[in-house]
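Breakdown of the fold
Single-letter residue listing:
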Amino acid sequence: ALQTSIDLTLHVSQVADYIGLIKGLITKEMPGWDSGKQKLRKRLLQLHNMVFEDSKQTRESSVNKILSEFPTILDFLETFGPLLCTETKQGEDKKEALLPLADILSVLPRLNARSYSISSSPNDDPSIVSITVGVVNVKTSAGVSIKGVCSNYLARIQPNEDFVSCGIRTSSFRGPPKLSSPVIMVGAGTGLAPMMGFLADRALELESCVDTDKAGKCLLYFGCRNTDDHIYNSTITKWNKSNVLEPNIAFSRKPSTPKTYVQDLIEQDSKNVCQFLLQPETCYYICGDARVADFCFEACVKALRAHGNMSRVAAVQHIKQMRAQNRWQYDLWGIIVHFNEAKYEFKVKKEAGAKHWLKRFT
């Protein structure tokens, strides 16, 4: 019940707080501690030293290791919980909490609602709203399992038996305004979701279109691990045959096939991509991880430079102009996470450069 209401993820900013808090409560060994608790105390003090006494660069690396071992506050408390309980009376099987659970819960943030892109079209069937969700079951580098709260919840619900509390909100991420607009769509994994709604609209428009020759072409760059992960395969194949789209598929884990990502497909098809991007009505859409979007942005810049006779400045400016005209749209996740990672990487490089410079004079 708690995991559906409270964010139990152990965040970077919380690691030092929790370790410092528990360390303050167990400054001295309690009387009657067995060897197990003594080992736990020693382990906690080691973590405290890693977080508070190491150098900045080593400290951030240590925090990441701690998060890998304790990805949630529950993992942390399950390990060090015995240190927070003391026997009330010798010989009695009762314990008193040094840090009550209520105090811990009071500082934990509420779980935010999860947002998913709609992968259906109201023009196709206004009574249906579908989403495309990847069920998250991963392991950290320390081998600790992490299960996505919302994705696993959705995977467990039973049709016609369970009800989901949800809502629909408007979005600026919308399909091309007219059928004649050339379109580039990029999606990896479940990033294909909103494209399916756009493509369903396009398929309906083409069915009712008198002169389909005036319809703009649609390039789809889709990435997945292997053929088993190729979602909506039959629908995409059908739409390809009816000229709704031209699919380009990248497999990153397909046996006996070179590892390929969506940005690689764009680079391989750079001449065609450049021709599309230079057309005044072309619309570019990308949905998925923010880092993938960045790689694809760079691939498009390379395409414009290689085949559009542009400098990097001019290519970036061209894309910015498309963005200003609402012809370059994205629906991304992981922006803050990747921003913090990039900030850390930049800081490490700056510190390394500063040390190298200092060595010249010492």
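What this report covers is the structure whose coordinates are included nearby.

Analysis parameters
- Residues numbered from 1 in each chain as written.
- Predicted model: local features only at pLDDT ≥ 70, side-chain atom pairs only at ≥ 80, totals over all residues.
- Heavy atoms only, no water.
- Helix = DSSP H or I, 4+ residues; strand = E, 2+ residues; numbered from the N terminus.
- Rg over C-alpha atoms; globule rule 2.2 N^0.38 Å.
- Buried < 20%, exposed > 50% of the residue type's maximum accessible area, 1.4 Å probe, protein only.
- Contact = heavy atoms within 4.5 Å.
- Areas by Shrake-Rupley, 256 points an atom, 1.4 Å probe, with all protein chains shown as cover.
- Lys, Arg positive; Asp, Glu negative; His and termini not counted.
- Charge placed at Lys NZ, Arg CZ, Asp CG, Glu CD.
- Arc of directions from axis to C-beta.
- Core = buried A, V, L, I, M, F, W, Y, C linked by side-chain atoms within 4.5 Å.
- Salt bridge = Lys/Arg side-chain N within 4 Å of Asp/Glu carboxyl O.
- Pairing = 2+ DSSP bridges.
- Axes fitted to C-alpha atoms, helices over the stretch in contact; angles between N-to-C directions.
- 1 Å grid on protein atoms, 1.4 Å probe; cavity = no way out; pocket = protein on both sides within 12 Å on 5 of 7 lines; lining within 4 Å.
- Points joined across faces, edges and corners; volume = space filled by probe spheres on them.
- Nonpolar A, V, L, I, M, F, W, Y, C, P; charged D, E, K, R; others polar.

Looking now at the overall build of the chain. Helix and strand counts for the chain stand at 13 helices and nine strands. Its C-alpha atoms give the chain a radius of gyration of 26 Å, clearly above 21 Å, the size a compact globule of 362 residues would have. Principal-axis analysis of the C-alpha atoms gives the chain an extent of 90 × 70 × 40 Å. A buried classification covers 34% of the 362 residues belonging to the chain. For the chain, the share of sequence-separated contacts (at least 6 apart) that also reach a separation of at least 24 residues comes to 68%. For the chain, the exposed area adds up to about 22500 Å²; of that, 53% sits on carbon and sulfur atoms. Of the charged side chains in the chain, 45 are positive and 38 negative; the average position of the first set lies 7 Å away from that of the second.

For helix α10 (residues 270-277), the set of buried residues is Ser270, Val273, Cys274, Phe276 and Leu277. Across the axial projection of α10, the buried residues extend over an arc of 160 degrees, all falling on one side.

Burial of nonpolar side chains together is a common tendency in soluble globular proteins. Grouped together as the largest cluster of nonpolar side chains are 27 residues, with contacts concentrated most on Ile184, Val186, Leu277 and Tyr284. Looking at this core, the elements with two or more residues in it are β5 (183-188), β6 (218-224), α9 (262-268), α10, β8 (283-289), α11 (290-307) and α12 (312-324). Counting residues per element, this core draws most heavily on α11, which supplies seven residues. With residues near it in sequence (within four places) discarded, Tyr284 still touches Ile184, Val186, Leu277, Cys296, Cys300, Met322, Arg327, Trp328 and Gln329. Of all hydrophobic cores here, the second largest spans 26 residues; its members include Tyr18, Ile22, Leu47 and Ile104.

Bringing the pattern of salt bridges into the picture now. Counted according to the given criterion, the structure contains five salt bridges. Note that Arg225 and Asp229 form a salt bridge whose closest N and O atoms lie 2.7 Å from each other.

Looking now at unusual backbone geometry. A positive phi is found at Tyr232, a non-glycine position, where the angle reads about 60 degrees. Locating Tyr232 in the fold gives a position in the loop between β6 and α8 (233-241). Its identity as a non-glycine residue notwithstanding, Asn243 has a phi of 65 degrees, on the positive side. Here Asn243 shows up in the loop between α8 and β7 (246-251).

Moving on, we get to the side chain of Ser270. Assignment of secondary structure puts Ser270 in helix α10. Overall, the relative accessible area of 13% leaves Ser270 in the buried class. If we skip the residues at most four places from it in the chain, Ser270 touches Ala303 and His307.

What follows covers the sheet that holds β5. Taken in spatial order, the five strands of this open sheet run β7-β6-β5-β8-β9, and their pairing is parallel. Only two strands of the sheet have a single neighbouring strand rather than two, namely β7 and β9 (328-333). Each strand axis lies, on average, 10 degrees off the axis of its neighbour in the sheet, ignoring direction. Strands β8 and β9 of the sheet are contacted by α12, whose axis makes an angle of about 85 degrees with β9.

In this section: the layout of surface pockets. The computed volume of the second largest pocket comes to approximately 640 Å³. Breaking the lining of the second largest pocket down by element, the ones donating at least two residues are α7 (193-208) and α8. Its residues assigned to classes, the lining of the second largest pocket comprises twelve nonpolar, nine polar and eight charged.

Another aspect to go through is empty space enclosed by the protein. Applying the stated criterion across every chain, the model contains one cavity of 30 Å³ or more. Here the largest cavity defines a volume of roughly 40 Å³. Residue lining of the largest cavity: Val186, Gly187, Ala188, Ile286, Cys287, Gly288, Asp289, Val292, Ala293 and Leu332, and that is the complete set. Only β5, β8 and α11 provide two or more residues apiece to the lining of the largest cavity. Among the elements that line the lining of the largest cavity, the one with the most residues is β8, at four residues. By residue class, the composition of the lining of the largest cavity is seven nonpolar, two polar and one charged.

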